[in-house]
Protein chains: 2
Amino acid sequence: MALLQQDATQACAALGKAVGLSAGAAHERVRKLRERGVIRRTTVEVDAAALGQGVLVFVMVESSAWMGEPGAAFGAISGIQEARIIAGSASVLVKLRTAATMQLQDVLRRLYAIEGVSGTQATVAPETFFERPVSPRAD
Amino acid sequence: MALLQQDATQACAALGKAVGLSAGAAHERVRKLRERGVIRRTTVEVDAAALGQGVLVFVMVESSAWMGEPGAAFGAISGIQEARIIAGSASVLVKLRTAATMQLQDVLRRLYAIEGVSGTQATVAPETFFERPVSPRAD
DNA sequence: GGTGAAAAAAACTAGCC
DNA sequence: GGCTAGTTTTTTTCACC
């Protein structure tokens, strides 16, 4: 059923019909998924370009020390969408969006200002083949 | 106002109150954002781990040729969540989720099977500092 | 766990400022 | 563009299977 959730704001009744259930039953299932935490939250997908965030950049951040704590430091930089520790040669992978490549410079400067950061390697991603949700098996 | 959308399934009335508007006006604003395409769609955020997709991996795919078309080839591999052309040394950045690192091997095998792929460099991401939506300025 | 209907609460609509 | 008040639709609850 999660398949359907990926696509809509549709009524529980419609959901139910799509999977052969009554409105009440469908609602109950969704409620349980929410309760169990399978469904974390309901959101809207926003068009980054429409918000003046058209440029997508990935930055590999190398550090000289263990970067387990300064998560907050990354969060403080506006434009950064994701920051995750990675197991490869770099230490942190950052995904960020800016209005133009010019502003990227500013973000990089702020990244270097973070304690322990010894290097960055930015990669601009002009085109997206596709981007899709987690996709479970039908349930 | 998009700020509020990132967090809820809440009523238009509540949205309105949060930003000092009536229910009707808030509803109208949201409708317009949807119409203009700023809001692409409404979705639910699913917990990847709860669906047996607990391992997050980024793969840099190097190719010997221009990979402008085979987007579909990446889409055919289950587990791949995002695939984007990048401007750096590698050609495509792939973000995927699997149940365990063991299955990663299978995905890599399928990536190599794609026409033009000459190499891959996988990086496991065990921890997420944070992950957040596009975040516009308040409007 | 599912059904079906009643009750409550939203989403929408429209006329007016 | 926003407000208020009405109409419609949906969500939500509940007794019963």
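Residues numbered from 1 in each chain as written. Chains lettered and ligands numbered in written order. Predicted model: local features only at pLDDT ≥ 70, side-chain atom pairs only at ≥ 80, totals over all residues. Heavy atoms only, no water.

Caption draft 1: Local environment of the protein's contact with DNA strand C. By nearness alone, every residue bordering DNA strand C is listed as Leu-21, Ser-22, Ala-25, Arg-29 and Lys-32 of chain A together with Gln-10, Ala-11, Cys-12, Ala-13 and His-27 of chain B. Here, DNA strand C places atoms within 4 Å of the protein, and 89% of those atoms are sugar or phosphate. A distance of 3.1 Å is found between a phosphate oxygen of DNA strand C and a side-chain nitrogen or oxygen belonging to Lys-32 of chain A. Contributions of two or more residues to the surface near DNA strand C are made by α3 (23–36) of chain A together with α2 (12–19) of chain B. In terms of residues, the surface near DNA strand C owes the most to one element, α3 of chain A, which gives 3 residues. Partitioning the surface near DNA strand C into residue classes produces 5 nonpolar, 3 polar and 2 charged. (Near = heavy atom within 4 Å. Polar contact = N/O pair within 3.5 Å; in protein donor to acceptor, adjacent residues only side chain to side chain. Helix = DSSP H or I, 4+ residues; strand = E, 2+ residues; numbered from the N terminus. Nonpolar A, V, L, I, M, F, W, Y, C, P; charged D, E, K, R; others polar.)

Caption draft 2: Expanded view of the protein's contact with DNA strand D. Around DNA strand D lies a shell formed by Gln-10, Ala-11, Cys-12 and His-27 of chain A together with Leu-21, Ser-22, Ala-25, Arg-29 and Lys-32 of chain B. Within 4 Å of the protein, the atoms of DNA strand D are drawn from sugar and phosphate moieties in a proportion of 91%. Between DNA strand D and Cys-12 of chain A, the relevant distance is 2.6 Å, taken from a phosphate oxygen to a main-chain nitrogen or oxygen of the residue. Interatomic distance of 2.7 Å between a side-chain N/O atom of Arg-29 of chain B and a phosphate oxygen of DNA strand D. Take the surface near DNA strand D: its biggest share by element is 3 residues, from helix α3 (residues 23–36) of chain B. Per-class residue counts for the surface near DNA strand D are 4 nonpolar, 3 polar and 2 charged.

Caption draft 3: Broad picture of the packing of aromatic side chains. The final tally for this structure, using the stated rule, is 2 aromatic pairs over all chains. Measuring from ring centre to ring centre gives 5.7 Å for Phe-129 of chain A and Phe-74 of chain B, while their planes differ by 25 degrees; the resulting arrangement is stacked. Residue Phe-129 of chain A is located in strand β6 (residues 127–131), and its partner Phe-74 of chain B is located in helix α4 (residues 71–75); the two belong to separate chains. Residue classification places Phe-74 of chain B among the buried positions, given a relative accessible area of 0%. (Phe/Tyr/Trp six-rings, centres within 6.5 Å; stacked < 30°, edge-to-face > 60°. Buried < 20%, exposed > 50% of the residue type's maximum accessible area, 1.4 Å probe, protein only.)

Caption draft 4: Local environment of the sheet that holds β6 of chain A. Pairing is antiparallel in the open sheet, where 5 strands are placed in the order β6(A)-β3(B)-β4(B)-β2(B)-β5(B). Lying at the two open borders of the sheet, with one neighbouring strand each, are β6 of chain A together with β5 (117–124) of chain B. Each adjacent strand pair in this sheet contributes to an overall mean axis angle of 15 degrees, direction not counted. Summarising the sheet, β6 of chain A and strand β3 (residues 80–85) of chain B pair through 4 bridges and their orientation is antiparallel. Bridge pairing in β3 of chain B places Phe-130 of chain A opposite Ala-83 of chain B. (Pairing = 2+ DSSP bridges. Axes fitted to C-alpha atoms, helices over the stretch in contact; angles between N-to-C directions.)

Caption draft 5: Fine view of the domain arrangement of chain A. You can read the domains of chain A as domain 1 (2–35) and domain 2 (49–125). Computed over C-alpha atoms, the centres of domain 1 of chain A and domain 2 of chain A are 38 Å apart. (Domains from an automatic or database assignment.)

Caption draft 6: Layout of the pattern of salt bridges. In this structure the tally under the stated criterion is 22 salt bridges over all chains. Of the charged contacts in the structure, one is a salt bridge between Glu-82 of chain A and Arg-84 of chain A, with a shortest N-O distance of 2.1 Å. One salt bridge connects Glu-35 of chain B with Arg-31 of chain B, and the closest N-O pair in it is separated by 3.2 Å. Of this pair, Glu-35 of chain B and Arg-31 of chain B both sit in helix α3, 4 residues apart, which is roughly one turn of the helix. (Salt bridge = Lys/Arg side-chain N within 4 Å of Asp/Glu carboxyl O.)

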